[in-house]
Amino acid sequence: MRQARGFLAPYLLSLPSWVYLLAFFLIPLASMLGMALAVGDPISGYTMSDNYQEVIGAFTGYESSFVRSFWYGTASTVITLAISYPVAYWIAFYAGRHKSTYLFIIMLPFFVSFVIRVLAWEFILSDQGFLLGPLKALGVLPESFRILSTKWAVIGGLVYNSFAYYVLPLYVVLEKIDRRLVRAANDLYAAPATAFIKIILPLSAPGIFAGFLLVFVTNVGDYVNAALLGGPGTYMVGNVIQDAFFQSQDYPLAASLSSILMLMLMIAILLYSKAFGTDAIQEYAA
Amino acid sequence: MIPAPSTRHDVRLENVIKQFGGWTAVDNISLSIEGGEFFSLLGPSGCGKSTTLSMIGGFESPSAGAIYLDGEDVSRQPSYKRDVNTVFQSYALFPHLTIFENVAFGLRRKGVKSDEVTRRTNEMLELVDLAGFAKRKPGQLSGGQAQRVALARALVNKPKLLLLDEPLGALDLKLRKQMQIELKRIQSEVGITFLFVTHDQEEAMAMSDRLAVMSKGRIEQIGTPADVYDHPATEFVASFLGASNLLPGTITAQNGAQAQVTLEDGAIITLPRAVLAQIAGDKVKIGVRPEKFHVLQPGEPRPDGWNEIEAIAGVSVYLGVSRQYEMESKTGRALSVYAQNSGRQEDIPPGSAVRLTWNPAHTFAVTGT
């Protein structure tokens, strides 16, 4: 009897999580997939159909937004990696006993609401704002120059908002790396740059990998940055879904687009794991 | 004179100083190590031996002085250009690489051709008896195996000098003894100069051709294990290398090859005059290793020409090969006496008065206060 209880305990303890996932993830997911195939409108109600042509139509109609989402997502994730790696590296190896202070400083902007932070960027980058205004008045920049509503404003916003989410997983793996390994690599004729490529980089691969997933998935589905910092030419799938849901109230379209996005992300992640999985990276390093 | 084989390379340190902020870790040391020699730096933690090793390896540069490898000044050469390899105390094996790739790492960095890398790496794995482990990762090895991989990874590069930073410290006693013999075997096979750093005097004595005893950033004495053990130059060396009995006295006569020292209690000790060569002034402490004392039976005459002092026996500890006695001299100084378990002597009960005798040649002396 006691053994049976001990055997059941882990399942019982995880029961609340299972109930939670079922109620707030699996049921809505099923309902979203169902809605993608439904026909009707909010007033007269919906009926299920087997009209998967509708789903394919949703994709072909907004193909350019999908492409843009993946392109912005990839670009912003790569740039975030390039910026956050040196920062995480410095904190892990050189910040000494002030490590947590620096991590706190990096987290600090995240205590402010996400939308407020993006609005602040809109204010900073606005065409006649305090940054671009004086530069234009001085003739450094032409009058027609603008950052807002370009793709760089959107990508910049995505980078800014994902910075801390990349620093943290990188910091966690870098902090665990034994510095004496670098010394050993130097001893074995590896110059500092080689030691970094052959030792530090492969050992930090799990952090690069985890951070990439975290940031890429979030950024591909993002719509706030494109809505506030972008313009008509920077519409991402997230914006299309938002419009379909809130403005035209075309729930089947919104659900179709969401389902397609989800499927594409899953395929992308699968391919990514195959190609750049931690093991593959470490084997390459040898 | 026969020229040294080309695989043997010498190392010379000249007036090397290393300071960290206001703290002097290495205080003006000079030493020279011959090509092919097994040389040890021995001392307690914080004596500067590891810092000295770091400077020779190129991980630290000296604040002053110079390091010569094969006559070439390498003081400012970074570690990755220096033809010196290290076996680290923590082994520092690369956890993401296989044993084969760990060992091949240095050869690949030097741009050795791939088939030669394979050949030399496999040869080296065989030398350290790990041929079947090439595909494993460091995490799958025992401490002793990891230690041998660290050794192979350094030796495969055929460096001019191999540095060993307390490499046996993490192993248990039995394995350590095995590895000591193994290291000596490998060193005589490859003929590379070994510089071994340890705080374990027994280990240093068992393995070294010569050793340097360090304390507080300075070298106290350099010599063969026998030199340093039998004729320690300072009180520190005497006490660091095993137990020793030090008795203060005054030099009262020096003529011919002999000298005489009068102890506190008036006993007169004879010793070779050469032993006093380094003593300044006439205050001296004469020293005798515990195993050099012989306990005389009541009424037994002492061997001709030997020294004799009186003592009271205290408690003893039985260690199988010997029995170790704590004794007290007439003036109350603690003495340590080891009696070999040869079956020729009865145990001495605590409290008995005994006479201790020893051969004058087995006396050493350090400057007294």
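Draft legend 1. Molecular detail of the packing of helix H3 (residues 63-94) of chain A against helix H7 (residues 151-176) of chain A. Residues and elements named next belong to chain A. Between H3 and H7, the least distance of the axes is 6 Å, while the angle of their chain directions is 40°. Taken together, the axes of H3 and H7 are oblique relative to one another. In this structure, H3 crosses over H7, and the sense of that crossing is right-handed.

Draft legend 2. Molecular detail of the interface of chain A and chain B. Taken together, the 18 residues of chain A in the interface contact 18 residues of chain B. Of all elements in the fold, only helix H8 (180-187), helix H9 (192-203) and helix H14 (278-285) of chain A reach the threshold of two or more residues within the side of chain A that touches chain B. Here the residues of the side of chain A that touches chain B are counted per class, giving eleven nonpolar, three polar and four charged.

Draft legend 3. Representation of the sheet that holds strand E4 (residues 64-69) of chain B in the model. Residue and element names in this part refer to chain B. Reading across from one edge, E2-E1-E4-E5 is the order of the four strands in this open sheet, with antiparallel pairing throughout. Among the strands making up the open sheet, the edge pair consists of strand E2 (23-33) and strand E5 (72-73). In terms of strand pairing, E4 meets E5 through two bridges, oriented antiparallel. Paired with Leu69 across the two strands is Glu72, which belongs to E5.

Draft legend 4. Expanded view of the domain arrangement of chain B. By the assigned domains, chain B splits into domain 1 (11-230) and domain 2 (243-367). Look at where the C-alpha atoms of domain 1 of chain B and domain 2 of chain B centre, and you get two points 39 Å apart.

Draft legend 5. Looking closely at the environment of Lys18 of chain B. Residue and element names in this part refer to chain B. Mapped onto the secondary structure, Lys18 falls in strand E1 (residues 11-20). The exposure class assigned to Lys18 is buried, which follows from the 23 C-beta atoms found within 10 Å. Linking Lys18 and Lys135, residues 117 residues apart in sequence, is a C-alpha distance of 41 Å. Not counting the four nearest positions on each side in its chain, Lys18 is found in contact with Ala25, Val26, Thr51, Met55, Glu60, Pro62 and Ser63.

Draft legend 6. The environment of Pro272 of chain B, seen in detail. Residue and element names in this part refer to chain B. Structurally, Pro272 is set in strand E13 (residues 268-272). The spatial distance from the C-alpha of Pro272 to the C-alpha of Thr363 is 8.0 Å, given a sequence separation of 91 residues. Contact partners of Pro272, with chain neighbours within four places excluded, come to Ala257, Gln258, Pro360 and Ala361.

Draft legend 7. How the structure looks around the nonpolar core. Val103, Ala150, Ala152, Leu162 and Leu195 of chain B are the most contacted members of the largest nonpolar core, which has 110 residues in total. Examining the composition of this core, we find that seven residues originate from one element, helix H4 (residues 143-155) of chain B, more than from any other. When near neighbours in sequence (up to four residues on either side) are disregarded, Ala152 of chain B contacts Val103, Met124, Leu125, Leu127, Val128 and Leu130 of chain B. Among the nonpolar cores identified, the runner-up in size contains 24 residues, and Tyr72, Val118, Leu125 and Ile241 of chain A belong to it.

Draft legend 8. Broad picture of the sheet that holds strand E19 (residues 353-358) of chain B. All names here are of chain B. Judged by pairing direction, the sheet is antiparallel, and its five strands sit side by side in the order E15-E19-E16-E17-E18 without closing on themselves. Each edge of the open sheet carries a strand with a single partner, namely strand E15 (294-296) and strand E18 (334-340). Here the strands of the sheet are splayed against their neighbours by 50° on average, with no regard to which way each runs. Examined bridge by bridge, strand E16 (residues 307-318) and strand E17 (residues 322-329) share six bridges and lie antiparallel to one another. When the bridges of E17 are listed, Tyr318 appears paired with Arg323.

What counts, and where the lines are drawn
- Residues numbered from 1 in each chain as written.
- Chains lettered and ligands numbered in written order.
- Predicted model: local features only at pLDDT ≥ 70, side-chain atom pairs only at ≥ 80, totals over all residues.
- Axes fitted to C-alpha atoms, helices over the stretch in contact; angles between N-to-C directions.
- Helix = DSSP H or I, 4+ residues; strand = E, 2+ residues; numbered from the N terminus.
- Parallel < 35°, antiparallel > 145°, perpendicular 65-115°, else oblique.
- Left-handed = near helix turned anticlockwise from the far one by under 90°.
- Contact = placed C-beta atoms within 7 Å.
- Nonpolar A, V, L, I, M, F, W, Y, C, P; charged D, E, K, R; others polar.
- Pairing = 2+ DSSP bridges.
- Domains from an automatic or database assignment.
- Buried ≥ 20, exposed ≤ 12 C-beta atoms within 10 Å, placed from the backbone.
- Core = buried A, V, L, I, M, F, W, Y, C linked by C-beta atoms within 7 Å.

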